[in-house]
Amino acid sequence: MACFKILIVAILVLGIHCALGSAAAVDLDLERATTDTNTTRDWWQVAQFYQIYPRSYKDSDGDGIGDLQGIISKLDYLKEIGVTATWLSPIYSSPMADFGYDISDFFDIQPEYGTLADFDELIAEAKKRNIKIILDFVPNHSSDENVWFQKSVKREKGYEDYYMWHDGYLNATTGKREPPSNWLQAFRGSAWEWNDERQQYYLHQFAVKQPDLNYRNPAVVAQMKRVLTYWLDRGVAGFRMDAVPWCFEVLPDADGRYPDEPLSGYTDDPDDSSYLKHIYTQDLRETVEMVFQWRTLMDDYQRIHGGDTRVIMVETYSGLDYVMQFYGNRTTKGAQMPFNFQFIIGGNGDKNNTQLNASGFVKIINSWLSQMPAGQTANWVMGNHDQRRVGSRYGENRIDLMNMLQMFLPGVSITYQGEELGMTDLDISWEDSRDPAACNSNSDIYEQFTRDPARTPFQWSDEANAGFSTNATTWLPINPNYVTVNAKAENSTSPSHLSLYKQLVDLRKSKTLQFGATRYANVGDNVVAIRRYLSGEPTYVLVANVLDTSVSEIDVASAIYATGSYKIKLLNPQAKATVGDSVTLSNLKMEPYAALILESV
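An unreviewed UniProt entry lists the protein under the name alpha-glucosidase, from Drosophila simulans. The Catalytic activity (unreviewed entry) comment attached to the protein in UniProt states, word for word, "Hydrolysis of terminal, non-reducing (1->4)-linked alpha-D-glucose residues with release of alpha-D-glucose." Recorded under Sequence similarities (unreviewed entry), the UniProt text for the protein is reproduced unchanged: "Belongs to the glycosyl hydrolase 13 family."

Below, the structure is given as structure tokens:
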């Protein structure tokens, strides 16, 4: 949920961005890859996850805002594109200062999205289609309109230390009271806000209306476990956990002082979060251990109540040495899926990866697979509601190529709504901006921070408002390209982004892609090659020219140790070839942005 341009910069500045490894061919027997074709996986290990941003998915009541009944009406679409589980951005009661990430009641539904009865119906209807529902859990903070905060302001018994409070300090020169430290929030400015009623500062690492909970208070830990259990009781299959690295801050010293964070040297803007290195407010070990507690809760719940494994997906843009800790260790289980954002932060560290070459792609892949602990499952996140869309970051000519890559790599795929259609960013004017990350800046610089362009409504058809809403206006403008880029048109057209996506989903069900080993390499600057193989099953090879120039006489066979004969199984429109054509891996010609998936014969 945070302004992750800032986080990406911080990772690079701190020098903790992952060691990306060499571009040499790499061979990994992942997750007990074996010649035994009866090898099994838990449901989530081979799942296709799909993120829904409810506000922008489907409006059922004509108010210009998506809702739960809208999601229910489109469950058949999710089933059609092979979704195993969908995680919903927050739907809890909220004043909407940060569109649901400021929660006033963790136990109820925001009225503009629906009711608890609507939620129960969603769970039931999804279950009929074998689709699991994952909720977005926001542990770091609440809304300032939450009754917990209101009680804490009044110092009511049991709530005195529910949040992070501090007196601050009087400036000896000016006589004015100042914040306890120089800490900055993600949305610009001080992370401390004075509360007149309590006569203290409270910490908010996001918006002013999002006070940080105090995880060093056992009552808070217990309360948030009650939140998790409540929604497990209502049938959710797990949680995507938001902004986890912020849950703990360093303890104050013996005099009650918090240390100032050092300057990053990245920017001269003192209100920009990236002005500081967040060494005291993010990535503490206690946060990892809290996730371990939540995993224990999930496992205990399954042991008592039965059913499938309940999963944890952790959002963290931290350095990989920290991210990998969330998986757990030899004695303690952690999150099944600490999110792999390397395709978001691993390219140029910004929103433009259109010039990333094959070596860069391979380094990104290797950064995760080479550091992932043994026995764990990889996951691949290309985009989300906080990032520019894949087609805008990597280029529209690479949309199919990126979906092919995501579906072909070993482990879990996680798709943000609309990426299967090739939806792209819409530039949002200052006047139409809704994202607090943008609105807390100004009209001159807001485009550096805004997340609105990737949050525009889903494009269902070429009807008015892209079939999203019958209202005259929608909460964000709709991309004018909906006339051609929409689910209805792409469902009836082949080739299309959607038709290829569905073919990729079918291919992912093969034993080779579910259980097989992986070898990958770049061949020069242009070509990425990946081989998936399993004894007794067909071998598949993905070959992709990631640049805008043609290449010929490419020897992929030597790079990934591929032998035998191959034919084309799937391809994108840039590849001037035909499904079923024979291919010589030792002498390939590839058009710009062409991508092929080959099958052994």
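### With respect to helix α7 (residues 285-305)
End to end, α7 covers 31 Å across 21 residues, agreeing with the expected 30 Å (1.5 Å per residue, within 8%). Buried within α7 we find T287, V288, M290, V291, F292, W294, R295, L297, M298 and Y301. Looking at the packing, one finds that the buried side of α7 touches β6 (132-137), α6 (218-233), β12 (238-241), β13 (311-314) and α8 (320-323). Positioned one or two residues after α7, G306 has a phi angle of 75°, which is positive.

### Thoughts on the nonpolar core
In terms of nonpolar packing, the biggest core is built from 123 residues, with Y77, Y215, F239, W294, F343 and W368 touching the most fellow members. No other element matches the eight residues that α7 contributes to this core. Apart from the residues within four sequence positions on either side, F239 is in contact with I134, L135, F137, L228, W231, L232, M298, V311, I312 and M313. Residues V541, A562, I568 and L585 belong to the second largest nonpolar core, which totals 24 residues.

### Focus on the sheet that holds strand β11 (residues 200-203)
The antiparallel open sheet is built from three strands, whose spatial order is β7-β11-β10. Looking at which strands have only one partner, the edges of the open sheet turn out to be β7 (165-166) and β10 (192-195). By the bridge criterion, two bridges tie β7 to β11 in an arrangement that is antiparallel. Its bridge partner lying in β11, H166 is registered against Y201.

### A look at the side chain of S94
By the secondary structure assignment, S94 is in the loop between β4 (92-93) and β5 (105-109). Assessed through its relative accessible area of 6%, S94 is described here as buried. Once you skip the residues sitting within four places of it in the chain, S94 turns out to touch G100, D102, S104 and Q110.

About the criteria used
Residues numbered from 1 in each chain as written. Predicted model: local features only at pLDDT ≥ 70, side-chain atom pairs only at ≥ 80, totals over all residues. Heavy atoms only, no water. UniProt positions renumbered as here; feature names shortened; annotations may be inferred. Helix = DSSP H or I, 4+ residues; strand = E, 2+ residues; numbered from the N terminus. Expected span 1.5 Å × (residues − 1). Buried < 20%, exposed > 50% of the residue type's maximum accessible area, 1.4 Å probe, protein only. Contact = heavy atoms within 4.5 Å. Core = buried A, V, L, I, M, F, W, Y, C linked by side-chain atoms within 4.5 Å. Pairing = 2+ DSSP bridges.

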